[in-house]
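Here is how the chains run, residue by residue.
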Amino acid sequence: MNNIEYIPKPVNTSEMELPADVMEIAEVLAKNTHEVWAKQRIAEGWAYGAERSDERKEHPCLVPYEELPEGEKEYDRNTALETVRFLLHSGYEIKQACKKTSVKLPDNVILDNGSRKISLPDKDTPTLWASDEALPDVDIFNSAASQCFLMLDANVLRNSGAMISKAISWERSVMNLIWQLNNNTAINYLLKAPHILITFEEDAAVYIETRTSGNAEKERVIHKASLVLADGSSEGTRRREHLSDNGFASMVVAAAMQFTDVVNKTKNLQLTSILRNGATEKESDGENRIPVPVLKDGNTIDPNSWLIASSKTEKDTHELAVNYINQGDDSLKGKGFPFLKMGKLKSIDRFEIEGYHNIRNLIIAYAGKKFSEGEDITPLSIAVFGSPGSGKSYGVKQIAKSLRECNIKTDTVNVAQISSDDELGAAFQKVRDIVFEDKLPLVFLDEFDSGDLQWLKNFLMPMQDGKFKDASGEHPLGKCILVFAGGTASTFKDFIAPMSSADEQVQRRFKNVKGPDFASRIKGVIDIAGPNRRDDSDNAYILRRALLLRGLCENDERLKTNIKAGKEFVDENIIRSMLYVPEYKHGARSMETVLKMSKIEKGVWLPSGLPMGNQMSVHLNDRKFTDILLINVLEQSLEGKIARAIHEKYIEYMTEKQRKQPNRKPWEELAIEFKLSNLNQARSYSEKLALIKCEMALKDENKEAVTAFTDDEVLLMAKQEHQRWMNEKTEDGWIYAPIRDDKKKHHNCFAEWDKLSEEVQNWDKEPIRNMIEILKKVGYGVYKVE
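Procedures and definitions
Residues numbered from 1 in each chain as written. Predicted model: local features only at pLDDT ≥ 70, side-chain atom pairs only at ≥ 80, totals over all residues. Heavy atoms only, no water. Helix = DSSP H or I, 4+ residues; strand = E, 2+ residues; numbered from the N terminus. Buried < 20%, exposed > 50% of the residue type's maximum accessible area, 1.4 Å probe, protein only. Lys, Arg positive; Asp, Glu negative; His and termini not counted. Salt bridge = Lys/Arg side-chain N within 4 Å of Asp/Glu carboxyl O. Contact = heavy atoms within 4.5 Å. Axes fitted to C-alpha atoms, helices over the stretch in contact; angles between N-to-C directions. Parallel < 35°, antiparallel > 145°, perpendicular 65-115°, else oblique. Left-handed = near helix turned anticlockwise from the far one by under 90°. Nonpolar A, V, L, I, M, F, W, Y, C, P; charged D, E, K, R; others polar. Pairing = 2+ DSSP bridges. Polar contact = N/O pair within 3.5 Å; in protein donor to acceptor, adjacent residues only side chain to side chain. 1 Å grid on protein atoms, 1.4 Å probe; cavity = no way out; pocket = protein on both sides within 12 Å on 5 of 7 lines; lining within 4 Å. Points joined across faces, edges and corners; volume = space filled by probe spheres on them. Core = buried A, V, L, I, M, F, W, Y, C linked by side-chain atoms within 4.5 Å.

**Description of unusual backbone geometry**
In step 1: Of note, Glu 201 is a non-glycine position whose phi angle comes to about 50°, a positive value.
In step 2: Mapping Glu 201 onto the fold places it in the loop between strand S6 (195-200) and strand S7 (204-212).
In step 3: One non-glycine residue, Lys 265, adopts positive backbone phi at about 65°.

Next up, the structure:
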């Protein structure tokens, strides 16, 4: 028998196409396959080791599934899915069971299945009307609405014609919901209920309270609304990944335990317990509830302006960022933040999440599209923009990796290095070669907008007709995805800005290079924000940096051991500097380079291991980085004490409302950027005093101190202060504009001293007049230099 060659003959399932709902849980099946294998190995005495050793019973794959190399994950996926294919090939069916509740519901709870056989309780009895199948009958509902707590799944509204986005972003879904309830005549009768709970499967819930409007018709409008997220993932994730076994009926049971007290206003609704089927987990009235911005008429603000990540307090955002760096993904659970995870791609930024979801949906739809015979096979054209180092290609490649059922193969062409039509034709031939491999090419045309947009006209035929030309003639390109990654424009809006320019010559130039024609052929766009701030309202940049920094640390071999062991791996002062330094000059690449240039001692990144300032200055403002690193020490120094006194004098006579502005908060609550600004002003004291031949020194009773400055002295120092302020603002990216706009970093005071109004000049003179009083507070005085 030992001499007989063994030839494996598995059942041929290569033609077996798996249903979409089965493919959705491929990763869950693969993970479970790995868990079963790992459990058995550990039971046999095996442990983790960097290299496999049968003698020592060490294996490099004894790690959580998420940390496995991609090749090992693919092995587990194939093992799991081949079993599923065998079952389907053998005639078995795989269906997801729908969990139903066997609990008897009270008489005042209506679980509406659309049959219209509704038995209403007494009209004065609070009623929970719930359905994940149909809208309430208008006539029956109206008779009970005033005492009704209405609970519906969002899909009920969608199936009734309400345009509510799904799995794009939570902000967009909730804004759509509020608008539809207020304006869609097919469903706005639901607002007659004083309490409305809309569930988005088991992933989120929106609680709405209505009130009578002030108009003549006395219609009911939305008074306030709030959102609670189960774990921050997109709609459908918990069901797809089996993270929850709740069904709608189970959530109704949890709601039935609360709604009467809510209607009677004796208790507040606990949304988390409903999503988690009764679990409480240290719930409070707040329970990480996210207030939904609603106007007085019940409508929403601009749906594109609401960012959940930016609505958190600076303190909450800081704590979340630091905890994420130290603890990873687990730190986000239950924190009420939207969170995207596709393979190794992670994002907490609304617009990035929306862009990635849109691109993913486009790719899935295109991959499944069947072109009819004789129909031109045209590519899917996508554009990705972002500043250098923002990770434009990384995100889309991770989406492609997560869509294994699409059989995608990626490649990159650097357009900036192409110098002739023949070279571009050869690049498209490489795309065609991948098609011949029976794979779906996803090709990055990096820096497509280089060379004054000279190549745009060459892309039009492939994008529109699915054909390209080379020296041998015209060829079909085949089914493929073309990803155009911008190299000069940071956003799609910036790229197409010439189309609406007030300068006709700029418009004409863009039209001549076929810019509008190119833009019209793009089917999907994503703008990658990267680690730098979009504008002053963008508080989410701190969280983006936290995600990037954690990822960089996890990929650094010098830190991995401590990270896996749950030990300290990065000093808190470095975390603060990496989070708050104003700008990374080369985006995420600068963050990565600072880490790579640092020395790591015993698996910990310490301040002593940071590179020299002149090395870091290529990537960031090294002076500000160091100031942030040492901020706790600086605050206790003389300059720090002066800085605090400057700020306290600045806000001394401000109202409580004025002190809510970011730069006018108490010192303890002041953001680091404003502390540094005060610190820079304090540092300039000696230089200013030198202009008038004075100095600051500890109070000396034996010397005559200056008690006031002359008008000429004030003017001289005020001019210097104005120039210092302009230099500081210029360094942070501000420019002159006739109208101030903090979001765009435009300021109308960027001008020479003589061109400033008297009022603006006095803004610079006032801090000079206060110098003597401020120095007195810290035990110093101003003295003439002998």
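Still more to cover.
**Things to note about the side chain of Lys 765**
In step 1: Tracing the backbone through its elements, the reader meets Lys 765 in helix H31 (residues 758-769).
In step 2: Here Lys 765 is buried and forms no salt bridge, its nearest opposite-charge partner Glu 758 lying at an N-O distance of 6.6 Å.
In step 3: Discounting chain neighbours no more than four positions away, the residues touching Lys 765 are Val 714, Leu 715, Ala 718 and Trp 753.

**Notes on the packing of helix H20 (residues 541-554) against helix H22 (residues 572-580)**
In step 1: Packing of H20 against H22 leaves a shortest axis separation of 9 Å and a crossing angle of 125°. As far as their axial angle goes, H22 and H20 are oblique. The two elements H20 and H22 meet at a crossing, and its hand is right-handed. In this structure, H20 uses Tyr 541, Ile 542, Arg 545, Ala 546 and Leu 549 to contact H22, whose residues at the interface are Met 578, Leu 579 and Tyr 580.
In step 2: Classifying every residue of the contact of H20 with H22 by side-chain character gives seven nonpolar, no polar and one charged.

**Topic: the pairing of strand S13 (residues 408-414)**
In step 1: For S13 and strand S14 (residues 440-446), the ladder comprises seven bridges, and the chain directions are parallel. Paired with Asn 414 across the two strands is Asp 446, which belongs to S14.

**A few points about the side chain of Arg 664**
In step 1: Position of Arg 664 relative to the elements: it lies in the loop between helix H27 (638-650) and helix H28 (672-683).
In step 2: At a separation of 3.3 Å, a polar atom in the side chain of Arg 664 contacts the side chain of Tyr 650.
In step 3: Sequence-distant contacts of Arg 664, that is, excluding residues within four places in its chain, are made with His 647, Tyr 650, Ile 651, Met 654, Gln 658, Arg 659 and Leu 670.

**Considering empty space enclosed by the protein**
In step 1: Applying the stated rule across the entire model yields three cavities of 30 Å³ or more.
In step 2: In this structure, the largest cavity spans a volume of roughly 70 Å³.
In step 3: Lining the largest cavity, in full, are Ile 168, Ser 169, Trp 170, Glu 171, Gly 232, Ser 233, Ser 234, Pro 338, Phe 339, Leu 340, Ile 353 and His 357.
In step 4: For the lining of the largest cavity, the secondary structure elements donating two or more residues are helix H6 (170-183) and helix H12 (350-367).
In step 5: Residue composition of the lining of the largest cavity, by class: six nonpolar, five polar and one charged.

**Looking at the sheet that holds strand S4 (residues 127-131)**
Within a beta sheet, neighbouring strands are joined by backbone hydrogen bonds and run either parallel or antiparallel to one another.
In step 1: Read from one edge to the other, the open sheet built from seven strands follows the order S3-S4-S5-S6-S7-S8-S9, with strand pairing classed as mixed. Among the strands making up the open sheet, the edge pair consists of strand S3 (109-111) and strand S9 (290-292). Taking the axes of each pair of neighbouring strands and ignoring which way they run, one obtains an average angle of 20° across the sheet.
In step 2: Here S7 pairs with strand S8 (residues 220-229) via nine bridges, running antiparallel. Each residue of the ladder has a partner; that of Ala 204, found in S8, is Leu 229.

**Quick look at the nonpolar core**
In step 1: Ranked by internal contacts, the top residues of the largest apolar core, which has 79 residues, are Met 578, Leu 579, Trp 605, Leu 689 and Phe 709.
In step 2: For this core, the leading source of residues is H20, giving eight residues.
In step 3: Setting aside anything within four residues of it in sequence, one finds Leu 579 in contact with Ala 321, Val 322, Ile 325, Tyr 541, Ile 542, Arg 545 and Ala 546.
In step 4: Core analysis: the next-biggest nonpolar cluster, separate from the first, contains 39 residues, Ala 145, Ala 154, Ala 162 and Val 206 among them.

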